[in-house]
Amino acid sequence: MSEAQANTKGPDLTVGVPVDSIADGSMQVGQVGDDAVLLARRGNEFFAIGATCTHYGGPLAEGLIIDDTVRCPWHHACFSLRTGEALKAPALGPVSCWSTEVREGKVFVRDKVERKPAIRIAPGKQSPNRIVIIGGGAAGFAAAEMLRRQDYQGSIVMLSDDDAPPVDRPNLSKDYLAGTAPEAWVPLRGDDFYSEQNIDLRTKTLVSAIDPSAREVVLGDGSKVAYDRLLLATGAEPVRLPLPGMDLPHVFTLRTLADCRAIIERSATTKRAVVMGASFIGLEVAASLRARGIEVHVVAPEKRPMERVLGSQLGDFVRGLHEEHGVLFHLEETATAIGGKQVTLKSGGTLDADLVVAGVGVRPRLALAEKAGLSIDRGVMVNEYLETSAPGVFAAGDIARWPDPRSGVAIRVEHWVVAERQGQTAALNMLGARKKFDDVPFFWSQHYDVPINYVGHAESWDEIPIDGDVGKRDCVVRYKSKGRVLAVASIYRDVESLTEEAEMEGGE
């Protein structure tokens, strides 16, 4: 999608390649007819699957093999080498599989085969007949998709107050907003997916209350939807600054497809834009508007962009990168008012602006959970299985605060991939699994042609050793506390990022 498709040319695998040319744990890309195929070796077994990730087309051969899986270097999706199943988001669709044969010192790739993944959750006596999902974002969609992937035959009702079906939200601040990706890339699935999978998706639907004792959801029109299991995945909403002028027609926040369409429409007649906030989304918006040839000013109270998350050196690098592309920063500064053509700053100055985007963060949407009496602490409290204080009610995504096995404290993380993986885990647990959510948090951010990958979770640290050169865009940055690595950011060190993630999963 957002990056160029991987270069996957290679030898004709149907005529065979020497067994000794592929070491244990290594991979080789070749061709089978018109298909690019990844040939991988684990011990004396050989596997052949599609060579590109089904998320954004990343080159799997440049990733990492762990056991009988391969992980994508770009955004850490994980696929089964045996079945091609997408085991970990952000990829949701499988890759194709081919049979292999070893003969006379060569391994040959033969026919394409249908290898359906084994159903991991056998229906039990208490299997739910009716599952309701509140939310049409990453967690809600991933849960619904996983339920059907598990061959769940019961009712799935998905309630969303958005006017569009679930979309690939990271694209809204990146390529789609920049004009380098078509809108066809934005939906997570086409409209026919929901009817084919018998998912009752109801958009523009307001939920007014949850009644855990009656196991019912009350809609805005007063009607009720009964459930046996409920997933609360209401996500987050953009923070709206308490400023005069925030309701003017050229002032936007960015969360939905409708928001993005409106910004794109406005940008067609915009010469100068002000982005308020130097967060990830704020700076991704700045980069996208610069791609459209718009003069961009960023106003933010911080001393340097994203220092709270990335530290000073990466923060300075990100600022320099944006300045190289013409972004003008007004740091340690805030806006006090927005006019029809200007933004007034606290220092007394003004900035001309035909377009204003407020990207100052989001807050979790907790009203339904609070009203239902669920346990709340700066998020909806869940156990290691993502179940809330109300039996049969689960929570996932931006609202969920879960016990992190690495830090030993409860954390809440606003990452797209985390939300998807929590949705998948919650789906399994609603079907009766007892699967702990112990995935290592991961996110990526794209600034022009520079990707930043981040694994782990560090709210504070006492040292940040750097391997490589940040300025040369080739580095691994480790966030450590008392000698222990809490998180790792990297630029163009994809395999090391995957390796760090695997080590965190192993408790190292």
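Residues numbered from 1 in each chain as written. Predicted model: local features only at pLDDT ≥ 70, side-chain atom pairs only at ≥ 80, totals over all residues. Heavy atoms only, no water.

## A few points about the overall build of the protein
Thinking step 1. When its secondary structure is counted, the protein shows 10 helices and 36 strands.
Thinking step 2. By the compact-globule yardstick of 23 Å for 508 residues, the protein fits well, its C-alpha radius of gyration being 24 Å.
Thinking step 3. By its C-alpha atoms, the protein is 80 × 60 × 50 Å across when sized along the principal axes.
Thinking step 4. In the protein, buried positions account for 56% of the 508 residues.
Thinking step 5. The long-range share in the protein, meaning contacts at least 24 apart out of those at least 6 apart in sequence, stands at 57%.
Thinking step 6. Distance between charge centres in the protein, computed from 57 positive and 70 negative side chains, equals 3 Å. (Helix = DSSP H or I, 4+ residues; strand = E, 2+ residues; numbered from the N terminus. Rg over C-alpha atoms; globule rule 2.2 N^0.38 Å. Buried < 20%, exposed > 50% of the residue type's maximum accessible area, 1.4 Å probe, protein only. Contact = heavy atoms within 4.5 Å. Lys, Arg positive; Asp, Glu negative; His and termini not counted. Charge placed at Lys NZ, Arg CZ, Asp CG, Glu CD.)

## Some thoughts on the pairing of strand β21 (residues 295-300)
Thinking step 1. Among the 6 residues that make up β21, 5 are buried, leaving the element largely enclosed by the rest of the structure.
Thinking step 2. Two strands pair when backbone bridges link them, and strand β20 (residues 272-276) and β21 are joined in this way by 5 bridges, in the parallel orientation. Note that in β21 the partner of Val-275 across the bridge is Val-298.
Thinking step 3. Each parallel crossover has a hand, and the one from β20 via helix α6 (residues 280-291) to β21 is right-handed.
Thinking step 4. Where β21 meets strand β22 (residues 328-331), 4 bridges bridge the pair, whose relative direction is parallel. Following the sheet pairing, Val-299 is matched in β22 by His-330.
Thinking step 5. Assessed by its sense of winding, the connection that carries the chain from β21 through helix α7 (residues 307-324) to β22 is right-handed. (Pairing = 2+ DSSP bridges. Right-handed = clockwise from strand over helix to strand, strands pointing away.)

## Examining the sheet that holds strand β5 (residues 64-66)
Thinking step 1. What the 4 strands build is an open sheet, ordered β5-β6-β7-β8; its pairing is antiparallel. Of all strands in the sheet, those with a lone pairing partner are β5 and β8 (86-88), marking the two edges. Adjacent strand axes in the sheet meet at a mean angle of 35 degrees, parallel and antiparallel pairs treated alike.
Thinking step 2. One ladder, built from 3 bridges, connects strand β6 (residues 69-71) with strand β7 (residues 78-80); its direction is antiparallel. The partner of Arg-71 across the bridge, within β7, is Cys-78.
Thinking step 3. Along the sheet face, helix α10 (residues 494-505) touches β5, β6 and β8 and points at about 20 degrees away from the line of β5. (Axes fitted to C-alpha atoms, helices over the stretch in contact; angles between N-to-C directions.)

## Thoughts on the side chain of Gln-446
Thinking step 1. In this structure, Gln-446 sits in strand β32 (residues 442-447).
Thinking step 2. Here the side chain of Gln-446 touches Tyr-448 through a polar contact of 3.1 Å, landing on its backbone oxygen. (Polar contact = N/O pair within 3.5 Å; in protein donor to acceptor, adjacent residues only side chain to side chain.)

## Observations concerning the sheet that holds strand β29 (residues 393-395)
Thinking step 1. Sheet architecture is open: 5 strands sit in the order β13-β12-β11-β17-β29, paired in parallel fashion. Among the strands making up the open sheet, the edge pair consists of β13 (199-202) and β29. When the angles between neighbouring strand axes are averaged without regard to direction, this sheet yields 15 degrees.
Thinking step 2. Bridge count for strand β17 (residues 229-232) against β29 is 3 bridges, and the pairing is parallel.

## Here's the deal with the state of the cysteines
Thinking step 1. The tally for this structure, following the rule as stated, stands at 0 disulfides.
Thinking step 2. The closest cysteine sulfur to the non-disulfide-bonded Cys-72 is located on Cys-53, 4.0 Å from its own sulfur.
Thinking step 3. The buried category is assigned to Cys-72, whose relative accessible area is 2%.
Thinking step 4. Cys-97 takes part in no disulfide bond, and the closest cysteine sulfur, belonging to Cys-78, lies 13 Å away.
Thinking step 5. Judged by relative accessible area, Cys-97 falls into the buried class, the value being 2%. (Disulfide = S-S within 2.5 Å.)

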